[in-house]
Amino acid sequence: MTGNIKKPLLPVLAVETSTGVGKSFTMRASTAKWLRERRATGETGSVVVLVPTHRLSGEQGYAFNQDHPDLIARQYRGIGQPDPRDGERKMCRRASVATELTRNGGSIAEICAKPRSGEYCPYHIDSGVTESEACGYSRQAQLRADYWWMPQQLLFHSRPACIPKEPALLVVDETVWQ
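Description of the structure in this document.

**So, the pairing of strand E1 (residues 47–51)**
Counting buried residues along E1, five of its five residues qualify, which places the element largely inside the surrounding structure. The side-chain alternation of E1 yields two buried faces, one formed by Val47, Val49 and Val51 and the other by Val48 and Leu50. Sheet analysis places E1 next to strand E7 (residues 147–151), joined by five bridges and oriented parallel. Counted as the bridge partner of Val49 is Trp149 from E7.

**Some details on the pattern of salt bridges**
In the structure shown here, the tally under the stated rule is 12 salt bridges. Where Asp83 meets Arg139, a salt bridge forms, and the shortest distance between an N and an O atom there is 2.7 Å. With Asp83 in strand E3 (residues 82–83) and Arg139 in helix H5 (residues 136–141), this pair connects stretches of sequence that are 56 residues apart. By relative accessible area, which is 1% here, Asp83 ends up buried. A salt bridge links Arg103 to Glu100, with the shortest nitrogen-to-oxygen separation between them at 3.7 Å. You can see Arg103 and its partner Glu100 sitting in helix H3 (residues 95–103), three residues apart, about one turn around the helix. Residue classification places Arg103 among the exposed residues on the basis of a relative accessible area of 60%. Take Glu100: its relative accessible area is 42%, and that puts it in the partly exposed class. Linked by salt bridges that have partners in common, Asp83, Arg93 and Arg139 make up one network.

**Let's talk about the pairing of E7**
Of all five residues that make up E7, five are buried, and the element is covered over most of its length. Neither face of E7 is open: one carries Tyr147, Trp149 and Pro151, the other Trp148 and Met150, and all of them are buried. Here strand E2 (residues 73–75) runs beside E7; their pairing, made up of three bridges, is parallel. By the bridge assignment, Ala73 is partnered in E7 with Tyr147.

**Some details on the sheet that holds E7**
Here four strands make up an open sheet; going across it, the order is E2-E7-E1-E8 and the pairing parallel. Bordering the open sheet on either side are E2 and strand E8 (169–172), each of which pairs with just one other strand. The mean angle between the axes of side-by-side strands here comes to 20°, regardless of whether they run parallel or antiparallel. Looking at chain direction, E1 and E8 are connected through four bridges and run parallel. Bridge pairing links Val49 to Val171 in E8. Helix H2 (residues 54–67) contacts E1, E2 and E7 of the sheet and is inclined by roughly 160° relative to E7.

**Focus: the environment of Glu59**
If you trace the backbone, Glu59 turns up in helix H2. The partly exposed category is assigned to Glu59, whose relative accessible area is 39%. Here Arg55 takes part through its side chain, which lies 2.4 Å from a polar atom of the side chain of Glu59.

Conventions we followed
One numbering rule holds for all chains: residues counted from 1, following each sequence as written. Residues qualify for local features only when their pLDDT is at least 70, as the model is predicted, and side-chain atom pairs are given and counted only at 80 or more; totals for whole chains, interfaces and linings, by contrast, use all residues. Only heavy atoms go into the side-chain values, all of them from the structure, while hydrogens and water stay out. With a 1.4 Å probe rolled over the protein chains alone, any residue whose accessible area is under 20% of its type maximum counts as buried; one over 50% counts as exposed, and the rest are partly exposed. Only DSSP runs of H or I covering at least 4 residues are called helices, and only runs of E covering at least 2 are called strands; the numbering of each starts at the N terminus. Two strands form a pair only when DSSP identifies at least two bridges running between them. By salt bridge we mean one thing: a side-chain nitrogen of Lys or Arg within 4 Å of a carboxyl oxygen of Asp or Glu. Note on geometry: axes are lines fitted to C-alpha atoms, helical ones only across the stretch in contact, with angles between N-to-C directions running from 0 to 180 degrees. In what follows, a contact means two residues having at least one pair of non-hydrogen atoms within 4.5 Å. Each polar contact in these results corresponds to two N or O atoms within 3.5 Å; when the atoms are within protein, one needs to be able to donate a hydrogen and the other to accept it, and residues that are neighboring in sequence are counted only if both atoms are side-chain atoms.

Interpretation in functional terms is not warranted from these geometric data alone.
Rendered as structure tokens:
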């Protein structure tokens, strides 16, 4: 039976301790140092950090940017989250359609963008719409970052386009199984 177990591609480390002792601060500082050391040797790649909620991913990304201004951290926002440029709108201007599509096993790409055929949602940034009218979801898909902060439920969904296929490091911060 043990012959079928595959080794993880990345080292695995688990830390269990009580709240408020500085785990997240220590993780941010140590992974920033680790990423800088990688960059100094010419290695590339992003760090993806998963936390329990969108709200916490925003707080952690903000704290990271305050402590490490030389690295770019971004918060991934799902299709139904508020667009940071216009809190009155959702990241996807057609969020209800996109949510229903993905809930039924479809891909958001079916309504968002099909670059090979040149078909784009009218709100997609590549459709010719102005920057101010482009949806936040398509703007986000074009962003790159040293760190991506996102909610843990994305572990169980298709990888968003802006998230690297093979992150240099994947961190699950806080309890994922509750």
